[in-house]
Structure formats: C-alpha cells, structure tokens
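Structural overview for review
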Amino acid sequence: MVVLFDIDGTLINHDGAESIAVAALHRRMGCTEDATVFLTRWRTAFERHYARYLAGELSIQQQRRERLRELLDPGLSDAGADQLSASYIDNYVAECRLYPDVVPVLAQLTTYRMGIISNGERSQQHDKLARACIDHYFDPLILSAECGMAKPARGIFELACDAMGVPPSEAVYIGDRRDVDAEGASSAGLHGIWLDRSGLSADSAPPHRIRSLSELPAAIASIQYARHGV
C-alpha cells in the first residue's frame, strides 16, 4: 500500500497564507475597498477561473491573469498581471505553514512509501514542501503543470500509481476537497479519503472521511483490513 497526498488545504494551510498574501496585494494596489470584501472577491474569482483551468480551458498562468483582471482591471496587460501574480506568489509561499497534525502523522507513516499529486507547478509546490522541511517524505511529486492533466482527471491518479509501481487498488489518496480529491481518486480506483478539516459540510459522508490527519493511520489500517483481513 502506498499513500499519496494533496498539498494545499491538506498539508499546507493554504487559507491562512492566502489571506496574508491577498492583504499584501490589497495594500500594494492602494485599494479603498474593505479588505474582507476584497478577499471574498479574490476567492470567488479564484474558484471561477481555477474551474476553467481544471476544465482545460486555461493554463495555470492564464487563470492567474484572468483572476487579477476580474479582481482589479479588465484591461490589465499580460505583463502587468504576471508581475502582480509573481509578487502575490512570493508572499503566499513565504507565509505557507504546516497544519499542526502534519509532522506527527508523517512520522507515523514512514513504513509506507509516500508521494504527492497536486494541481500546480513544481517550483511553487516543491518550494512549499522544502520550506516546511517535509519534502524528503515524498517521491514522486506528480504535478498537473508537468503532466498536462489536473485532478480530478483519472489520468493524473493513474500516472502517480504507475510511477510508484502499484495498481490503483493499492494506493490511498488524501485531500481536502471531496470532489477533486476524494471522489476523483475513488473514480480512478484508488482509496480516496476526504480530509474535511472544517467539519461543516452538509454533504453526506463518503466511505472514508476524516476531520484531522491524526485519523489517517486508523483509516489506512481500516482500508487494509477490509481488503486483506489483516
């Protein structure tokens, strides 16, 4: 059995880093709009254009540009958007922090081979893991920008399993989004686990749903017992 992880919202506190980096952008642009409203609009724009990226309509860089155009100025040039995006990413990565449950659980799971499947670019995603001093736990890192497929596409999960030399039925995947992560992995034949950190979702629970990574070892053991009776 191998264990594969999502990064943002699973290992790294994306929302916390995002809030700080968006506040820095708000100050840089001299916005008079309320900072909380600005953050809400940022997240709305992110979801809209990220969905277009997942659908293959936009590249990662294009969705970043469209997000900034929606938020700031429809006439923003590619160069201007790229400059603002680079500044935002620098601030965001610098503020990325691990959730408190990450290191203890990774230490518990060292008997398993562990890897990453993430929708993103290697430079940014690996930098997050390296800054948090957990990059040594994971091999391979399967990134959507490199393989031309993004979660929840079946192919990106299959690619990760191939890279680790196991069939999907021998892989567990953990992520914070039910649709993109848990259901995407399950549809590809892996054992998808939804990390529902907020516990506020009204959705009916899938077969494997945890509220903290501290519950992950027991969830993996349950999957193994169900499969092999050991």
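Before any of the text, the structure's been laid out above.
Residues numbered from 1 in each chain as written. Predicted model: local features only at pLDDT ≥ 70, side-chain atom pairs only at ≥ 80, totals over all residues. Heavy atoms only, no water.

A closer look at the nonpolar core
Defined as follows: Each nonpolar core is a collection of buried residues, namely Ala, Val, Leu, Ile, Met, Phe, Trp, Tyr and Cys, held together in the definition by side-chain atoms within 4.5 Å. For the exposure calls, accessible area comes from a 1.4 Å probe over protein chains only, and a residue counts as buried if that area is under 20% of its type's maximum, exposed if over 50%, partly exposed in between. Each helix corresponds to a stretch of at least 4 residues labelled H or I by DSSP, and each strand to a stretch of at least 2 residues labelled E; elements are numbered beginning at the N terminus. Should any heavy atoms of two residues lie within 4.5 Å, those residues are considered in contact.
One finds Phe5, Leu11, Phe138, Ile174, Leu213 and Leu216 to be the most contacted residues of the largest nonpolar core, which totals 44 residues. Top contributing element to this core by residue count: helix α4 (residues 78-94), with 6 residues. For leucine 11, the residues in contact, after removing those within four places along its chain, are Phe5, Asp6, Arg97, Leu98, Tyr99, Val102, Ile116, Leu129, Ile134, Phe138 and Leu213.

Remarks on the sheet that holds strand β3 (residues 138-143)
Sheet strands line up and pair through hydrogen bonds in the backbone, either parallel or antiparallel. So the rule is basically this: A pair of strands is labelled paired if DSSP reports no fewer than 2 bridges between them. Axis lines are fitted to C-alpha atoms, over the contacting stretch for helices. Their N-to-C directions set the angle, which ranges from 0 to 180 degrees.
Taken together, 6 strands build an open sheet; the order of strands is β3-β2-β1-β4-β5-β6 and the sheet is parallel. Two strands lie at the open edges of the sheet, namely β3 and β6 (209-210), each paired on one side alone. Looking at chain direction, strand β2 (residues 113-118) and β3 are connected through 4 bridges and run parallel. Bridged to methionine 114 within β3 is phenylalanine 138. Its contacts with the sheet put helix α6 (residues 122-131) on β2 and β3, and the angle it makes with β3 is roughly 150°.

Observations concerning the pairing of β3
The condition is simple: Look down the strands so they point away from you; if going from the first strand over the helix to the second traces a clockwise path, that crossover is right-handed.
For β3, the tally of buried residues reaches 5 of 6 residues, placing the bulk of the element in the interior. One crossover worth recording links β2 to the parallel β3 by way of α6, and it is right-handed.

What about helix α1 (residues 14-28)?
Every α-helix winds through 3.6 residues per turn, so residues three or four apart in the chain are directed the same way. Filter applied, for reference: What a helix is expected to span follows from its residue count: subtract one and scale by 1.5 Å.
Here α1 is 15 residues long and its end C-alpha atoms lie 21 Å apart, about the 21 Å a rise of 1.5 Å per residue gives. Within α1, the full set of buried residues consists of His14, Ala17, Glu18, Ala21, Val22, Ala24, Leu25 and His26. Considering only its buried residues, α1 is in contact with α2 (35-54), α3 (60-71) and α4. Phi turns positive one or two residues past the end of α1, at glycine 30, with a value near 65°.

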